[in-house]
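What follows is each chain in one-letter form.
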Amino acid sequence: MGAIYLVRHGQASFGAADYDQLSELGVRQATLLGQWLVQTGQDLSLLVTGSHRRHKQSSDACLAAWLPNGERAPQVLQDPGFDEFDHQQVLLRLMPEFADPAVLAAYLAQQENPARAFQKVFAKAVARWVSGQHDGDYSESWAVFKARCNAALARLLEAAGKGQSAWVFTSGGPVSAICQQLLAIPDRQIFELNWALVNTGVTKLLHSPGRVSLSYMNSYAHLESARDPGLVSYR
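Report follows, based on the coordinates. (Residues numbered from 1 in each chain as written. Predicted model: local features only at pLDDT ≥ 70, side-chain atom pairs only at ≥ 80, totals over all residues. Heavy atoms only, no water.)

## Some details on the packing of helix α1 (residues 24–39) against helix α2 (residues 53–66)
Part 1 of the reasoning: Close contact between α1 and α2 brings their axes to 7 Å; oriented N to C, the two are set at 45°. On the basis of the axis angle, α1 is oblique to α2. The handedness of the crossing between α1 and α2 comes out as right-handed. Packed against α1, whose contacting residues are Val27, Ala30, Thr31, Leu33, Gly34, Gln35, Leu37 and Val38, the element α2 presents Ser58, Ala61, Cys62, Ala65 and Trp66 at the interface. (Axes fitted to C-alpha atoms, helices over the stretch in contact; angles between N-to-C directions. Helix = DSSP H or I, 4+ residues; strand = E, 2+ residues; numbered from the N terminus. Parallel < 35°, antiparallel > 145°, perpendicular 65-115°, else oblique. Left-handed = near helix turned anticlockwise from the far one by under 90°. Contact = heavy atoms within 4.5 Å.)

This is how it looks when you write it as structure tokens:
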């Protein structure tokens, strides 16, 4: 029986002009993951990333901690099917005024808890997207996004072959969509799961011919072992 490990990328640059790059914390998280892979004797013979920079940067930081230990370089593939949904478009379809960064910054500055206030607005935007009632407003509907993510998993299972393991550096959306398919989670509840996903958290799937099952979800033992709560983030 083989395993597919889905890794949510390290912390990205939320609030910066360019979100799609790791923060210093994100690099540290991915480095700790690489060290944990060595310590626990994991198989990293096949590595897959989405096409976002934060995916590749996460895998690069992980490998930088892996390779100096005499480990063999893995086969690396890229599949855009593991890319995140367009979170900016999803937000702006609900709050078009936030297209101006100054308006968004002013709104957040007025809030007692800016992070929580943003999360509340974004959750409403995601609920609108997931509802299916406004599909024409989006370049990729929720239904199409789910199908894309699960098609990427199917391609990986075919490429991996019987008994092989693979590590996939992706985002919270694809992890959630794949787990939804496996566990039959209703659309209205799926993002309750998504919000809880930790940066560089690992979700393990087991596969055999004709069968895929969830072994565990959102494990971040590599961060907990460092005994620093500040290493745990959700963006």
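## What about the packing of helix α4 (residues 101–109) against helix α5 (residues 114–130)?
Part 1 of the reasoning: One can describe the packing of α4 onto α5 by two numbers: an axis separation of 9 Å at closest approach and a directional angle of 120°. Of the possible angle classes, the one that applies to α4 and α5 is oblique. Facing Leu104, Tyr107 and Leu108 of α4, the residues of α5 in contact are Pro114, Ala117, Phe118 and Val121.
Part 2 of the reasoning: Taken together, the residues of the contact of α4 with α5 sort by class into seven nonpolar, no polar and no charged. (Nonpolar A, V, L, I, M, F, W, Y, C, P; charged D, E, K, R; others polar.)

## Let's talk about the sheet that holds strand β4 (residues 166–170)
Part 1 of the reasoning: Reading across the sheet, the six strands line up as β3-β2-β4-β1-β5-β6 and stay open at both edges, with mixed pairing between neighbours. Edge positions in the open sheet fall to β3 (75–78) and β6 (211–219), since each of these has one partner strand only. Across the sheet, the axes of successive neighbouring strands diverge by a mean angle of 20°, strand direction being ignored.
Part 2 of the reasoning: With five bridges joining them, strand β1 (residues 2–8) and β4 adopt parallel strand pairing. The partner of valine 7 across the bridge, within β4, is phenylalanine 169.
Part 3 of the reasoning: Where helix α7 (residues 172–183) meets the sheet, its contacts fall on β1, β4, β5 (202–208) and β6, and the angle it forms with β6 comes to roughly 135°. (Pairing = 2+ DSSP bridges.)

## A word on the pairing of β1
Part 1 of the reasoning: When you tally the buried positions in β1, you get seven out of seven residues, the bulk of the element.
Part 2 of the reasoning: By the alternation rule, side chains of β1 split into Gly2, Ile4, Leu6 and Arg8 and Ala3, Tyr5 and Val7, which are all buried.
Part 3 of the reasoning: As paired elements, β1 and β5 share six bridges and run antiparallel to each other. Note on β5: the bridge partner recorded for isoleucine 4 is leucine 205. (Buried < 20%, exposed > 50% of the residue type's maximum accessible area, 1.4 Å probe, protein only.)

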